[in-house]
Amino acid sequence: MIREDELASAAATGNAECVGILLRDGVDVNAVNYFGRTPLQVMMMGSTAVSQLLLERGANPNVPDRKTGTTPLHDAAREGFLDTVEMLIKFNADTNARDHRDCRPIDLARENGHRDVVAFLESFRLQQ
Amino acid sequence: MVEETVLYLLVNRWSLHKGTNRTRRLAMAQDCAVQYEPVAEIGGGAYGTVYKARDRQSGKFVALKSVRVQTDQDGLPLSTVREVALLKRLEQFDHPNVVKLMDVCATLRTDQETKVTLVFEHVDQDLKTYLEKAPSPGLPASQIQDLMRQLLRGLAFLHSNCIVHRDLKPENILVTSRGQVKLADFGLARIYSCHMALTPVVVTLWYRAPEVLLQSSYATPVDIWSTGCIFAEMFRRKPLFRGESEVDQLGKIFEVIGLPTKEEWPTDVMLSQSNFSPISKRPISDFVPEITHQGADLLLNMLAFDPLRRISALNALDHPYFQEG
């Protein structure tokens, strides 16, 4: 397995230890894997340890999925992981990004009944 | 009835390719690939690879688990069809504590080999991650009780359907953002087993029951042992028994539960009791200090050396521990 694939797989399985080692080893945090996705796009959404490691290393939070237009913020909002939503926004994730169905992250959070995420995204918008 | 449906589904999808030209075959293979697009490899072994993929219809993530099976002129082996049918039958119960099997695809690769892909719901958080991110000093007692209740409900459901998980560990116990527990990776062992025998796969020993380590019997109690190890880990936030080999793992277990007597030792195993130094049982609270009295009693019932004396998932749910608080 090449190292870009390894990093993406470590991120996707929530293996923060392995993500840390690969990043220290110099694997490019924004390189795509065999499937054309960055580690942040495929990471285990519930793992704030992984998202923090990637974002602090300069992972771009605004890469949309090439087939669906979904950004990591869309995914975290849809799945209801508030801590990851907060982390992504702290690192300048675009709260107004629209996927190919023209939905913003807040729309997906609302669609899936994640009220805490909806409330957070709304309060963030008011601050702007 | 359901079995027939799956049989139909598999054989039908399979026969679509059979005897048709290469273009149709490719078109069919792509059909599955069009709806579910892999984005990362999340597991693998001798039996096939597991991918995190995106369902392009719903936009949600799924887990694709494929296994390559040998086929002949009669199509898929009946054993594979039966196992898949069993998984499909479970689906009808819509149990909240097991992952959903969303789809089954069969793709003919060559005339002798078919790839069967099981499409499961994907939850973006496992118990390992969940425990790691719990703020110090760890999960509150009420949350551990709730996780355990859900875990045991999922397990009781699998066991009542004669499914032994066999590899329960924090990595395949999933926890949604709402705190709902879902068991994953069950029921595949028998589909995989014949393939797994061919190549050694590195597996963790930490949650293995003594009878598995001794290569004795294999039944539902093996999952209760793993659940006991995980129960202790919820308090400790680190594994209870971290062995590096089968013998080392058994040694670590006996340091806690004591060395079983010669009478308790299974008769049909290679490793003899005299290989281990005599050691007596220590209070479980030495290893799991924060556990309550009732919690400790349940834990010890789960960590019984003799699988026949180990508590069942259903009886565990009736244990006074769940009345606490």
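Cut-offs applied
- Residues numbered from 1 in each chain as written.
- Chains lettered and ligands numbered in written order.
- Predicted model: local features only at pLDDT ≥ 70, side-chain atom pairs only at ≥ 80, totals over all residues.
- Heavy atoms only, no water.
- UniProt positions renumbered as here; feature names shortened; annotations may be inferred.
- 1 Å grid on protein atoms, 1.4 Å probe; cavity = no way out; pocket = protein on both sides within 12 Å on 5 of 7 lines; lining within 4 Å.
- Points joined across faces, edges and corners; volume = space filled by probe spheres on them.
- Helix = DSSP H or I, 4+ residues; strand = E, 2+ residues; numbered from the N terminus.
- Nonpolar A, V, L, I, M, F, W, Y, C, P; charged D, E, K, R; others polar.
- Contact = heavy atoms within 4.5 Å.
- Salt bridge = Lys/Arg side-chain N within 4 Å of Asp/Glu carboxyl O.
- Polar contact = N/O pair within 3.5 Å; in protein donor to acceptor, adjacent residues only side chain to side chain.
- Domains from an automatic or database assignment.
- Axes fitted to C-alpha atoms, helices over the stretch in contact; angles between N-to-C directions.
- Parallel < 35°, antiparallel > 145°, perpendicular 65-115°, else oblique.
- Left-handed = near helix turned anticlockwise from the far one by under 90°.
- Phe/Tyr/Trp six-rings, centres within 6.5 Å; stacked < 30°, edge-to-face > 60°.
- Buried < 20%, exposed > 50% of the residue type's maximum accessible area, 1.4 Å probe, protein only.
- Lys NZ or Arg CZ within 6 Å of the ring centre and 35° of its normal.

- An unreviewed UniProt entry lists chain B under the name Cyclin-dependent kinase 4, with Aldrovandia affinis as the source organism.
- If you open the UniProt record of chain B and go to Subcellular location (unreviewed entry), you find "Cytoplasm".
- Quoted verbatim from the Sequence similarities (unreviewed entry) heading of the UniProt record, the comment on chain B is "Belongs to the protein kinase superfamily. CMGC Ser/Thr protein kinase family. CDC2/CDKX subfamily."

Considering empty space enclosed by the protein
Any space left empty among the atoms is revealed by the rolling of a water-sized probe across them.
All names here are of chain B.
Then, number 1: Under the defined criterion, the tally for this structure stands at three cavities of 30 Å³ or more.
Then, number 2: Lining the largest cavity are Leu87, Leu90, Glu91, Asp94, His95, Val98, Val99, Lys100, Leu101, Phe120 and Phe186.
Then, number 3: Ranked by residue count, the leading element in the lining of the largest cavity is helix 3 (residues 78–91), at three residues.
Then, number 4: Each residue belonging to the lining of the largest cavity can be placed in one class, and the counts come to seven nonpolar, one polar and three charged.
Then, number 5: Here the second largest cavity defines a volume of roughly 40 Å³.
Then, number 6: The wall of the second largest cavity is formed by Arg166, Tyr207, Arg208, Ala209, Val212, Val222, Asp223 and Ser226.
Then, number 7: Of all the elements, helix 8 (residues 221–236) adds the most residues to the lining of the second largest cavity, at three residues.
Then, number 8: Of the residues contributing to the lining of the second largest cavity, the split by class is four nonpolar, one polar and three charged.

Regarding the interface of chain B and chain A
Frequently, the measure chosen for interface size is the accessible area that the parts lose on association.
Then, number 1: Taken together, the contact between chain B and chain A spans 22 residues of the former and 30 residues of the latter.
Then, number 2: For aspartate 65 of chain A, the salt bridge identified is with arginine 54 of chain B, shortest N-O distance 3.7 Å.
Then, number 3: One can count 17 residue pairs in polar contact (both at pLDDT 80 or more) joining chain B with chain A.
Then, number 4: Those elements giving two or more residues to the side of chain B that touches chain A turn out to be strand 1 (36–45) and strand 2 (48–55) of chain B.
Then, number 5: In terms of residue count, strand 1 of chain B provides more of the side of chain B that touches chain A than any other element does, six residues in total.
Then, number 6: Among the residues forming the side of chain B that touches chain A, the class breakdown is seven nonpolar, five polar and 10 charged.

Section: the domain arrangement of chain A
All names here are of chain A.
Then, number 1: Looking at chain A, the domain boundaries give domain 1 (1–60) and domain 2 (61–128).
Then, number 2: Residue-level contacts link 15 residues of domain 1 with 16 residues of domain 2.
Then, number 3: Aspartate 65 serves as the salt-bridge partner of arginine 37, at 3.0 Å between the closest nitrogen and oxygen.
Then, number 4: Connecting domain 1 to domain 2 are six residue pairs in polar contact (both at pLDDT 80 or more).
Then, number 5: Listing elements by their share of the side of domain 1 that touches domain 2, those giving two or more residues are helix 3 (39–42) and helix 4 (48–56).
Then, number 6: Counting residues per element, the side of domain 1 that touches domain 2 draws most heavily on helix 4, which supplies five residues.
Then, number 7: Across the side of domain 1 that touches domain 2, the residue classes tally to six nonpolar, seven polar and two charged.

A short note on the packing of helix 1 (residues 3–12) of chain A against helix 2 (residues 16–24) of chain A
All names here are of chain A.
Then, number 1: In contact at an axis separation of 8 Å, helix 1 and helix 2 are set at 150° when each is read in the N-to-C sense. For the element pair helix 1 / helix 2, the angle class is roughly antiparallel. The way helix 1 lies across helix 2 gives a crossing that is left-handed. Facing helix 1, whose interface residues are Glu6, Leu7, Ala10 and Ala11, helix 2 presents Cys18, Val19, Leu22 and Leu23.

Concerning the UniProt feature "binding site: ATP" (unreviewed entry) in chain B
Then, number 1: With numbering matched to this structure, UniProt assigns "binding site: ATP" (unreviewed entry) to Lys65 of chain B.
Then, number 2: Relative to the elements of secondary structure, lysine 65 of chain B occurs in strand 3 (residues 61–70).

Quick word on the packing of aromatic side chains
Then, number 1: Under the counting rule described, the total for this entry stands at 12 aromatic pairs over all chains.
Then, number 2: Judged by centre distance (5.0 Å) and plane angle (85°), the rings of tyrosine 34 of chain A and phenylalanine 35 of chain A are edge-to-face.
Then, number 3: By relative accessible area, tyrosine 34 of chain A is classed as exposed at 67%.
Then, number 4: For phenylalanine 35 of chain A, a relative accessible area of 16% translates into the label buried.
Then, number 5: Ring plane angle 85° and centroid distance 5.6 Å describe the contact between phenylalanine 35 of chain A and tyrosine 51 of chain B, whose orientation is recorded as edge-to-face. With phenylalanine 35 of chain A in the loop between helix 2 and helix 3 and tyrosine 51 of chain B in strand 2, this pair bridges two chains.
Then, number 6: Given the relative accessible area of 21%, tyrosine 51 of chain B is considered partly exposed.
Then, number 7: Through a chain of ring-to-ring contacts, three or more aromatic side chains come together here, namely Phe231, Phe235, Tyr321 and Phe322 of chain B.
Then, number 8: Geometry around phenylalanine 120 of chain B places lysine 65 of chain B over its ring, the cationic atom sitting 5.3 Å from the centre.
Then, number 9: Stacked on the ring of tryptophan 206 of chain B, the Lys or Arg arginine 242 of chain B has its end atom at 5.9 Å from the ring centre.

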